[in-house]
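Residues per chain, in single letters:
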Amino acid sequence: MAANKPRTTSFSRNFSAASSTAPQAPGLKHGPNGTMFLSSGIPDLDKILGGGFALGSLVMVMEDPEAPHHMLLLRNFMSQGLVHHQPLIYASSAKDPRGFLGTLPNPMVPKDDKSRVHETEQEKGLRIAWQYKKYFGEHNSESQRDGKSEYCSDFDLRKPLERHFFSGQRIDCVSLKESADLATFQENCSSFLSQTPRDTGNIAGGRIAIQSLCSPQCEFSNKDWEMLSFVRSLKSLVRLSNAVAVITFAPSLVSTAFSKRLQHLADTLVSVKAIPDEDKELAKLLTGYQDMVGLLSVHKVARINTQVPAILEATTFSMKLQKRRSLILECLNQAPVDGSNGTSYASSGSCSGSSKTGGALDF
């Protein structure tokens, strides 16, 4: 009797192709619909965006003229790429943009690494307790294991990036201050992105960081059409590569029409805003106001290989410095009306629950 052959049709799933896929590269994460994510360098922002920045996407950050909060996002984005040994190109209006590399933050050392030296001495007496460590570490599946760097690191803003992260890296720093146009820089970006093509099986993420594109220090700052053409060309080049481009610009320095065009070209659009030091009205409305350094708003999230829009639970988040070291993002919670220290109404997530005072909700 002949052996039964597996039934194959044009609609059957190709399991052999799925099993033969290349292993996931460090610093990248698989997403839905064949999307690959690259970390933003901020764990909370990765969760908000559904995994991070999608490969082949253009990210634009709208600056606040009163505070350089966009620098926090840019530094973490660049540091995360260097930690993962990903090629980087950085451009700004500074005369010496390479000096900006000295301000990049260093990844924080996990507590497990600090106590690893003392584990051998306490291992004999705490052998049973050691077995329970796996239950406490299930939520941190992306943490550092077997010497491999984690997908997204927590960075210490007070410590500069160590020198060994720069060794053997491809880092291109370009000054846009004395450039009459963006043609030369566009050629640099094209050559940079040609090394990370999308059609190859070897996936390695690349990063492009452009600070203050519309800065008045640049000679092309008054050429709106030229800057718009550059952003449009860069978006098409990034889409055909395994890289992510992040551009920051100040909407207050350009016209409203030009700012709207730039926002339309962005795949992911966020904005940062400073908080006044003493705003008593805002302090009454928000909990933890004294710990906030700014606000981050998400206006658009990249959706690649799908037409389903992203629906976020919240679009505005508070920027805080945890222990004055690492940047975290939290949802805005409204302060209790009665001035109590209990859970705020906004964090309850439902209007059906009873309040602490037991009174009816008045809408």
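Whatever comes next refers back to the structure up there.
All of these numbers come straight from a predicted model, not from anything done at the bench.

## Digging into the overall build of the protein
Across its full length, the protein carries eleven helices and 14 strands. Looking at the protein residue by residue over its 363 residues, the buried ones come to 40%. Across the protein, every contact between residues at least 6 apart in sequence was considered, and the portion connecting residues at least 24 apart equals 74%. Roughly 21,700 Å² of accessible area belongs to the protein as shown, and the carbon and sulfur atoms make up 52% of that amount.

## A short note on the packing of aromatic side chains
In this description, an aromatic ring pair is defined by two values, namely the gap between the centres and the angle between the planes. Across all of its chains, the model carries three aromatic pairs by this definition. Note on F53 and F77: the rings are 5.9 Å apart at their centroids and 55° apart in plane angle, and the pair reads as tilted. A residue pair is termed long-range when its members are at least 10 positions apart, and F53 in strand β3 (residues 53-54) and F77 in helix α3 (residues 70-83) qualify at 24 residues. For the pair formed by F53 and F77, the shared burial category is buried. The interplanar angle of 40° and the centroid separation of 5.5 Å between the aromatic rings of F185 and F230 together place this pair among those described as tilted. Placement of the pair is F185 in helix α8 (residues 183-193) and F230 in helix α9 (residues 224-239), with a sequence separation of 45 residues. A relative accessible area of 3% places F185 in the buried class. Residue classification places F230 among the buried positions, given a relative accessible area of 2%. Positioned above the aromatic ring of F77 is the side chain of R207, whose terminal nitrogen or guanidinium carbon lies 4.8 Å from the ring centre.

## Re the nonpolar core
Judged by nonpolar contacts, the single largest core of 41 residues is most densely connected at M78 and L296. In terms of residues, this core owes the most to one element, α3, which gives eight residues. Not counting the four nearest positions on each side in its chain, M78 is found in contact with L88, Y90, F100, L101, L104 and A209. Counting 34 residues, the second largest nonpolar core, distinct from the first, contains M62, L193, C214 and A243.

## Here's the deal with the packing of α9 against helix α10 (residues 256-265)
Following both chains from N to C, one finds α9 and α10 inclined at 5°, their axes separated by 10 Å at the closest point. The orientation of α9 relative to α10 falls into the category roughly parallel. Listed contacts from α10 to D224, M227, L228, V231, R232 and K235 of α9 are F258, R261, L262 and L265. By residue class, the composition of the contact of α9 with α10 is six nonpolar, no polar and four charged.

## Some thoughts on the sheet that holds β3
Reading across from one edge, β1-β2-β3 is the order of the three strands in this open sheet, with antiparallel pairing throughout. Across the chains shown, the open sheet's two edge strands, defined by having one partner strand only, are β1 (28-30) and β3. As defined by bridge partners, β1 adjoins strand β2 (residues 36-38) across three bridges and the pair is classed as antiparallel. Within β2, the position partnered with K29 by the bridge is F37.

## Some details on α10
Where α10 is concerned, the buried positions are F258, S259, L262, Q263 and L265. For α10, the arc enclosing every buried residue in end-on projection is 160°, short of the 170-degree limit, so these residues lie on one face. Exposed side chains of α10 directed beyond 90 degrees from the buried face belong to T256, K260 and H264.

Analysis parameters
- Residues numbered from 1 in each chain as written.
- Predicted model: local features only at pLDDT ≥ 70, side-chain atom pairs only at ≥ 80, totals over all residues.
- Heavy atoms only, no water.
- Helix = DSSP H or I, 4+ residues; strand = E, 2+ residues; numbered from the N terminus.
- Buried < 20%, exposed > 50% of the residue type's maximum accessible area, 1.4 Å probe, protein only.
- Contact = heavy atoms within 4.5 Å.
- Areas by Shrake-Rupley, 256 points an atom, 1.4 Å probe, with all protein chains shown as cover.
- Phe/Tyr/Trp six-rings, centres within 6.5 Å; stacked < 30°, edge-to-face > 60°.
- Lys NZ or Arg CZ within 6 Å of the ring centre and 35° of its normal.
- Core = buried A, V, L, I, M, F, W, Y, C linked by side-chain atoms within 4.5 Å.
- Axes fitted to C-alpha atoms, helices over the stretch in contact; angles between N-to-C directions.
- Parallel < 35°, antiparallel > 145°, perpendicular 65-115°, else oblique.
- Nonpolar A, V, L, I, M, F, W, Y, C, P; charged D, E, K, R; others polar.
- Pairing = 2+ DSSP bridges.
- Arc of directions from axis to C-beta.

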